[in-house]
Amino acid sequence: MTVAASTDELKALAERASEELADATAEQALRWAVEQFGDDLIVASNMQDAVLIDLATKVKSDVDVLFLETGYHFAETIGTRDAVATVYPDITIVNAMPEQSVAEQDAEYGPKLHDRDPNLCCHLRKVVPLRNTLANYSCWVTGVRRVDAPTRANTPIVTWDDRNGLVKVNPIAAWTDDEFNNYIDEHGILQNPLVSEGYPSIGCAPCTAKVAPGADPRSGRWAGQSKTECGLHG
């Protein structure tokens, strides 16, 4: 597969791979992605941990890593991003920036848009920057897992991302929480310090709260609102 592949060709490739790699391991899925796309892929990370980055760099050490720099991150998240860049020196972190700074957005829409219209805030600071960045690639790799939320229960290993117009690979979609945590422990993977402080699902600081013991890990995201997804994956 080449960078010049048409949308129809990429879509057909994704549809075939969806069947052929339905039961693939994370390594098999990543090797397939690298073999097909080489430098024309990017690995997404919210810097909650470096599990996906670690897996990807075992296949391609100089992979591009996408980070949505929303302007609202916890200091610990930015610190984790910087630590990841040190631990994996061959990667290139691509900071996807919104078209407006927080101050510019406040001036146009009013302060604390995330409280009044979180969907619009996510669209401006996550969805649009993601779309603009992914336009430079033919494949993106995400850490979405089926156990993350009911909305992700049917996540395939490989699929066609119609919204962004490229192939989407979810190598650890089938991983359980135990498998995920065991990988972190066994390989000494970097993890955002907020995880151990009661934040099992970390997003922007204004929209992320601690989670009660035993509660749904994503219950701390947009707490008190019906919103459950930022719009990146559905």
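Quantities reported herein were computed from a predicted structural model and do not represent experimental measurements.

Trainee: I keep staring at the sheet that holds strand β1 (residues 41-44) and nothing clicks. Help me out?
Mentor: One open sheet accounts for six strands, arranged β3-β2-β1-β4-β6-β5; its pairing is mixed. Edge positions in the open sheet fall to β3 (92-96) and β5 (158-161), since each of these has one partner strand only. Each strand axis lies, on average, 30° off the axis of its neighbour in the sheet, ignoring direction.

Trainee: Please clarify how the nonpolar core should be interpreted in this entry.
Mentor: Generally speaking, nonpolar side chains in soluble globular proteins are found buried as a group. With 43 residues, the main nonpolar core has W32, V167 and V169 as its most contacted residues. By residue number, the principal contributor to this core is helix α2 (residues 26-37), which donates six residues. What V167 contacts, discounting residues up to four positions off in sequence, is L10, A14, W32, F37, S138, C139, W140, V158, T159 and W160. In this structure, L130, L134, W140 and L166 belong to the second largest nonpolar core, which totals ten residues.

Trainee: Where do I start with the UniProt feature "binding site: [4Fe-4S] cluster" (unreviewed entry) in the chain in this structure?
Mentor: The UniProt record annotates "binding site: [4Fe-4S] cluster" (unreviewed entry) at C121, C122, C204 and C207. Taken along the chain, the residues just named run across 87 residues; in space they keep tight, none of their C-alpha pairs more than 10.7 Å apart. Within the element layout of this structure, C122 appears in helix α7 (residues 118-134). Assignment of secondary structure puts C207 in the segment after α8 (177-187). Given the relative accessible area of 16%, C207 is considered buried.

Trainee: Explanation requested: the packing of helix α1 (residues 7-20) against α2 in the structure shown.
Mentor: Relative to each other, α1 and α2 sit at 160°, their axes nearing to 13 Å. As the angle between them shows, α1 and α2 are arranged roughly antiparallel. Helix-helix and strand crossings are classified by hand; for α1 and α2 the assignment is right-handed. Here L10, L13 and A17 of α1 come into contact with α2, specifically with W32, Q36 and F37. Counted by class, the contact of α1 with α2 contains five nonpolar, one polar and no charged residues.

Trainee: Which parts of the structure should I look at to understand the pairing of strand β2 (residues 64-68)?
Mentor: Taken residue by residue, a regular strand's side chains alternate between the two faces of the sheet. When you tally the buried positions in β2, you get five out of five residues, the bulk of the element. A two-sided burial pattern is seen for β2, the buried positions comprising D64, L66 and L68 on one face and V65 and F67 on the other. Here three bridges tie β1 to β2, and the two strands are oriented parallel to one another. Bridge assignment links A44 to a residue of β2, and that residue is L66. Remark: the β1/helix α3 (residues 51-59)/β2 crossover connection has right-handed handedness. Note that β2 and β3 share five bridges and pair parallel. Across the sheet, D64 pairs through a bridge with T92, a residue of β3. Each parallel crossover has a hand, and for β2 linked through helix α4 (residues 75-87) to β3 it is right-handed.

Reading the values: rules and limits
- Residues numbered from 1 in each chain as written.
- Predicted model: local features only at pLDDT ≥ 70, side-chain atom pairs only at ≥ 80, totals over all residues.
- Heavy atoms only, no water.
- Pairing = 2+ DSSP bridges.
- Helix = DSSP H or I, 4+ residues; strand = E, 2+ residues; numbered from the N terminus.
- Axes fitted to C-alpha atoms, helices over the stretch in contact; angles between N-to-C directions.
- Core = buried A, V, L, I, M, F, W, Y, C linked by side-chain atoms within 4.5 Å.
- Buried < 20%, exposed > 50% of the residue type's maximum accessible area, 1.4 Å probe, protein only.
- Contact = heavy atoms within 4.5 Å.
- UniProt positions renumbered as here; feature names shortened; annotations may be inferred.
- Parallel < 35°, antiparallel > 145°, perpendicular 65-115°, else oblique.
- Left-handed = near helix turned anticlockwise from the far one by under 90°.
- Nonpolar A, V, L, I, M, F, W, Y, C, P; charged D, E, K, R; others polar.
- Right-handed = clockwise from strand over helix to strand, strands pointing away.

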